[in-house]
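Report on the structure
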Amino acid sequence: MGILGASGYGGAELLRLLKAHPGVKLVGFSSRKHEGRSLSAAWPQLWDERLFLSQEEVLERAEVVFLALPNGLAMGIAPEALRAGKRVIDLSGDFRLPPGVYEAWYGIRHQSPEAYQEAVYGLPELHRQELQGARLVANPGCYVTAATLALAPLAAEGVLKGGFLVGLSGVSGAGREGEGTFFAEVNENLKPYKAGGTHRHIPEMEQNLGRLLAQGRPVRTHGEAKEVRLSFTPHLVPMTRGILVTAEAEVEGDWSQGLLQALYRDFYAQEPFVRVLDRLPETKGTLGSNRVDLKPLYEARTGRVLVFAALDNLVKGMAGQAVQNLNLMLGFPEETALPKEGIWP
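Residues numbered from 1 in each chain as written. Predicted model: local features only at pLDDT ≥ 70, side-chain atom pairs only at ≥ 80, totals over all residues. Heavy atoms only, no water.

In terms of helices and strands, the chain carries twelve helices and 13 strands. With the C-alpha coordinates aligned to their principal axes, the bounding extent of the chain is approximately 60 × 45 × 40 Å. The buried share of the chain, reckoned over its 345 residues, is 57%. A sequence separation of at least 24 residues applies to 70% of the contacts in the chain between residues at least 6 apart. If you sum the accessible surface of the chain, you get close to 14600 Å²; carbon and sulfur atoms cover 50% of it. (Helix = DSSP H or I, 4+ residues; strand = E, 2+ residues; numbered from the N terminus. Buried < 20%, exposed > 50% of the residue type's maximum accessible area, 1.4 Å probe, protein only. Contact = heavy atoms within 4.5 Å. Areas by Shrake-Rupley, 256 points an atom, 1.4 Å probe, with all protein chains shown as cover.)

Turning our attention to the sheet that holds strand E1 (residues 2–4). Reading across from one edge, E2-E1-E3-E4-E6-E5 is the order of the six strands in this open sheet, with parallel pairing throughout. Looking at the sheet topology across the chains shown, the edges are occupied by strand E2 (28–30) and strand E5 (120–121). Helix-sheet contacts for helix H12 (residues 315–330) involve strand E3 (64–67), strand E4 (87–90) and strand E6 (136–138), and the interaxial angle to E4 is about 155°. (Pairing = 2+ DSSP bridges. Axes fitted to C-alpha atoms, helices over the stretch in contact; angles between N-to-C directions.)

This part takes up the pattern of salt bridges. All chains considered together, the criterion is met by 19 salt bridges. The partner of Glu271 in a salt bridge is Arg217, with the nearest N and O atoms 2.8 Å apart. Taken together, the residues Glu271 in the loop between helix H11 (257–267) and strand E11 (274–276) and Arg217 in the loop between helix H10 (202–215) and strand E9 (229–236) connect sequence positions 54 residues apart. Here Glu271 falls in the buried class, since its relative accessible area comes to 8%. The network of salt bridges with shared partners includes Glu13, Arg16, Arg241 and Asp312. (Salt bridge = Lys/Arg side-chain N within 4 Å of Asp/Glu carboxyl O.)

Let us now look at unusual backbone geometry. Arg217 connects to Pro218 through a cis peptide bond whose omega is 10°. Here Pro218 lies in the loop between H10 and E9. Omega for the peptide link from Trp344 to Pro345 comes to 5°, which places this bond in the cis form. By secondary structure assignment, the location of Pro345 is in the segment after H12. Backbone geometry places Ala337, a non-glycine residue, at a positive phi of 65°. Looking at the element boundaries, Ala337 is found in the segment after H12. On the basis of relative accessibility, which here comes to 21%, the residue Ala337 falls in the partly exposed class.

A few words on helix H4 (residues 74–83). Burial within H4 is extensive, with seven of its ten residues counted as buried. Looking at the residues trailing H4, positive phi occurs at Gly85, about 85°.

Strand order across the open sheet formed by seven strands is E8-E9-E7-E10-E13-E12-E11, with mixed pairing between neighbours. The two strands at the open ends of the sheet, each matched to only one other strand, are strand E8 (191–192) and E11. Relative to strand E10 (residues 243–251), helix H8 (residues 142–156) is tilted by about 30°, and along the sheet it contacts strand E7 (160–169), E9, E10, E11, strand E12 (292–299) and strand E13 (304–311).

Evaluation of the coordinates by the stated rule reveals five aromatic pairs. Their ring planes at 15° and their centres at 4.5 Å tell us that Tyr102 and Tyr106 sit as a pair that is stacked. Within this pair, Tyr102 and its partner Tyr106 are both found in helix H5 (residues 99–106), separated by four residues, close to a single helical turn. Measuring from ring centre to ring centre gives 5.0 Å for Tyr143 and Phe232, while their planes differ by 70°; the resulting arrangement is edge-to-face. Within this pair, whereas Tyr143 is found in helix H8, its partner Phe232 is found in strand E9, the two being separated by 89 residues in sequence. Here Tyr143 and Phe232 have matching classes, each one buried. The ring of Tyr121 has Arg211 sitting right over it, with the charged end atom 5.7 Å from the ring centre. The ring centre of Phe267 lies 3.9 Å from the NZ or CZ of Arg217, which sits over that ring. (Phe/Tyr/Trp six-rings, centres within 6.5 Å; stacked < 30°, edge-to-face > 60°. Lys NZ or Arg CZ within 6 Å of the ring centre and 35° of its normal.)

Because each turn of an α-helix spans 3.6 residues, side chains separated by three or four positions in sequence point in the same direction. Helix length check: H10 (14 residues) gives 20 Å between terminal C-alpha atoms against 20 Å at 1.5 Å per residue, within 8%. For H10, the buried fraction is high: 13 of the 14 residues fall into the buried class. Directly beyond the C-terminal end of H10, a positive phi value near 70° is found at Gly216. (Expected span 1.5 Å × (residues − 1).)

Written out as structure tokens, the structure reads:
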């Protein structure tokens, strides 16, 4: 395995997980920032004196390549890797959306529409069958994973009409060099950002739930999708890692807490990394794990359906999900090298 772009938090978490994978041999990792330095010099949590290599060396050595790069770069590298017979898991947004939608929301011209047609969307809970044997996987991020899994049972049941979502994210979600994440600015502060329907993950959430509405489960990446509209407002909170999404769902039909809880427990009964709780979830409970904790709640006084979802943005929201996809692609047991339990306190 090789990792291009291992200088970000997601790349480092990917290294930590893959080093414990019994079926993986790490043959190279690249970083323009750290090329020639050791892993432990760039990441003090790692006990590894191997050096960061050039991108070309990693591509030559690896059979499977993880692309942990800024948006816009993977679309130029992935086709080259595929032509060389490599398999690719992309952690950026380059292959998650149809090229026209991607260009509208990311402001980047899509260079590889043909590769997008081959890409499989990497949310195992919905696309497990497609991921088995895939060559190119578009690994979804933290907000989208939490929001999609929060509302997926309602969409698959055909009752979801729309929703209003509020997301809370730890600072590591902004990356290692994220603007506006200095301690003095973030500490004892809470702020919304990308409000008013402008966050570029909104069309991805809508696409995922629209596919469920049209197809049911399992889901095909390039299959039919119905229209669904979501309002989403993210917030930055003064903690290192973790995502909490609160979704108020607009649904059809009459509901009760018992019906809602039964729907979610049945939908996720066979999922190794989704836990449906009787209590409200909290981010600390998922810290360091590849797990998503969910709680659906029927608010009897108003008749509203609320769903709460918590996960670790660097594990199930990024690197852990990439390893889960790797396991499905190559036929390893899906839970290999992935912690289901978190770190507390």
